[in-house]
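# Coordinates in review
Chain residues, written in single-letter form:
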Amino acid sequence: MYTAHPDRYADMPYRRSGRSGLKLPALSLGLWHNFGPDRPVATQRAILRRAFDLGVTHFDLANNYGPPPGAAESAFGEALKEDFASYRDELVISTKAGYLMWPGPYGEWGSRKYLLSSLDQSLTRMGLDYVDIFYSHRPDPETPLEETMGALHSAVQQGKALYVGISNYSAEQTREAARILGELGTPLLIHQPRYSMLDRRPETEGVLDALDELQVGSIVFSPLEQGLLTGRYLDGIPEGSRAASDSPFLNSDAVTEELVGRLRALDEVAKGRGQTLAQLALSWVLRGGRVTSALIGASSPRQVEDCVGAIGNLDFDAEELARIDAIVNQ
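Here's a quick rundown of the structure. (Residues numbered from 1 in each chain as written. Predicted model: local features only at pLDDT ≥ 70, side-chain atom pairs only at ≥ 80, totals over all residues. Heavy atoms only, no water.)

## Overview of the pattern of salt bridges
For clarity, the cut-off: For this analysis, a salt bridge means a side-chain nitrogen from Lys or Arg found within 4 Å of a carboxyl oxygen belonging to Asp or Glu. Secondary structure counts use DSSP, requiring at least four H or I residues in a row for a helix and at least two E residues in a row for a strand, with both numbered from the N terminus. The buried label goes to any residue with under 20% of its type's maximum accessible area, the exposed label to any with over 50%, and the partly exposed label to all in between, with areas taken from a 1.4 Å probe on protein chains only.
All told, the structure shown has 26 salt bridges when counted by the stated rule. When the shortest N-O distance is used, the salt bridge between D325 and R200 registers 2.6 Å. Placement of D325 in helix α11 (residues 318-329) and of R200 in the loop between β8 (188-192) and α6 (201-204) is noted, with a sequence separation of 125 residues between them. On the basis of relative accessibility, which here comes to 15%, the residue R200 falls in the buried class. Taking the shortest distance from any N to any O, the salt bridge between D235 and R264 comes out at 3.8 Å. On the criterion of sequence distance, the pair formed by D235 in the loop between β9 (217-220) and α8 (257-272) and R264 in helix α8 is long-range, its members being 29 residues apart. By relative accessible area, which is 73% here, D235 ends up exposed. You can call R264 partly exposed: its relative accessible area is 43%. Among the ionic contacts, a cluster of salt bridges with common partners joins R194, D199, R201 and E225.

Here it is, written out as structure tokens:
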């Protein structure tokens, strides 16, 4: 029988999401690649337990996480039943719908039929009556945004979600989504963009500015850039890594000699701060408070511990930031 650590709230900072009443831990756990049937159940549960013991109260999922699609939600549902049932009210559980989940014209994108059907399936897999946050995982170029946002609003009205969010939306789409939801009476809680030291599109394309303007929270995915910013690639491509596999998210061609040189230079910055490269990368996206939370993935409890170590040093001086910019832009 799992009993959570009594001091789990002692160190983790919690940040308010936009102008809502909901606070999220500075680091949240994403259940993306490491919660399918190809991973030991004991390891999955150990990761979840260690995260919660360290104050990570937010577990982020999507209908298609696994692999195969749906597996992560099913695995989480089992862990929730075995370990976390008594802690449900201390957890923020989110899921999403938008990418391909089942065949035919109603199995992806942003129609009302797909989103609400997917949410029902997600709740069944996890054994939940509601999720805390339900996201539109990506904008649908063919479905009116009013329909997609209307479906999110309906999820709240039906009691199947407490809050709603969007992911992978542009600044303009974010403003329009917030306007529609505001008129419906279900405020936009949060946006989930991809953001890291190596991928700054939320800055350059105005997404963070839009969120500041709208007073909407943000939770960023891939802050470690598919593992590139974990230090694993400082000596090239290791055997068994994502870049060494047939992963569509990171291939060996991307790990160039020039990139490895930049990673090594960033690692030197991290060492000067008393951090690992992963801790530096997480501290960087959390700097200044513009980002509410950063999503981490983990294949072991030790990786969770290393990531959580980032919260001990979230401040940067101007020289450090300039040095990082110079390395990334060289």
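## A look at the environment of R232
Relative to the helices and strands, R232 is located in the loop between β9 and α8. For the pair formed by R232 and G309, sequence separation is 77 residues and the distance between their alpha carbons is 17 Å.

## Concerning helix α10 (residues 301-308)
Residues spaced three or four apart along an α-helix face the same direction, because each turn holds 3.6 residues. Definition in use: Contacts between residues were defined by any pair of non-hydrogen atoms, one from each residue, lying within 4.5 Å.
Within the span of α10, buried status applies to V304, D306, C307 and V308. Structurally, α10 contributes buried residues whose contacts are with β3 (27-30), α1 (41-53), α9 (277-286) and β10 (293-296).

## Regarding the nonpolar core
Just so we agree on the cut-off: For this analysis, a nonpolar core means a set of buried residues of the types Ala, Val, Leu, Ile, Met, Phe, Trp, Tyr and Cys, connected via side-chain atoms within 4.5 Å.
Grouped together as the largest cluster of nonpolar side chains are 93 residues, with contacts concentrated most on L29 and F59. Top contributing element to this core by residue count: α9, with eight residues. Aside from chain neighbours lying at most four places away, what touches F59 is L29, L31, L48, A51, F52, F76, L91, V92, I93 and S94. L22, V92, I133 and Y135 belong to the second largest nonpolar core, which has nine residues in total.

## So, the packing of aromatic side chains
Filter applied, for reference: Note on aromatic pairs: the rings of Phe, Tyr and Trp (six-membered ring only in Trp) are paired at centre separations within 6.5 Å, and the planes decide the class, stacked below 30 degrees, edge-to-face beyond 60, tilted for the rest.
Throughout the structure, instances matching the rule amount to ten aromatic pairs. Ring plane angle 45° and centroid distance 6.3 Å describe the contact between W32 and Y65, whose orientation is recorded as tilted. In this pair, W32 sits in the loop between β3 and α1 while Y65 sits in the loop between β4 (58-60) and α2 (71-84), placing the two residues 33 residues apart along the sequence. With a relative accessible area of 27%, W32 lands in the partly exposed category.

## Observations concerning the environment of E213
Tracing the chain through its elements places E213 in helix α7 (residues 207-214). Measuring from C-alpha to C-alpha, the distance between E213 and I296 comes to 26 Å, with 83 residues separating the pair along the chain.

## Side note on the pairing of β9
Cut-off, in case you're wondering: Two strands pair under a simple rule: DSSP has to find at least two bridges between them.
Side chains G217 and I219 project from β9 onto one buried face, and the interleaved S218 and V220 project onto a second face that is buried too. Summarising the sheet, β8 and β9 pair through two bridges and their orientation is parallel. Counterpart to H191 in the pairing with β9 is S218. One ladder, built from two bridges, connects β9 with β10; its direction is parallel. Bridge pairing links V220 to A294 in β10.

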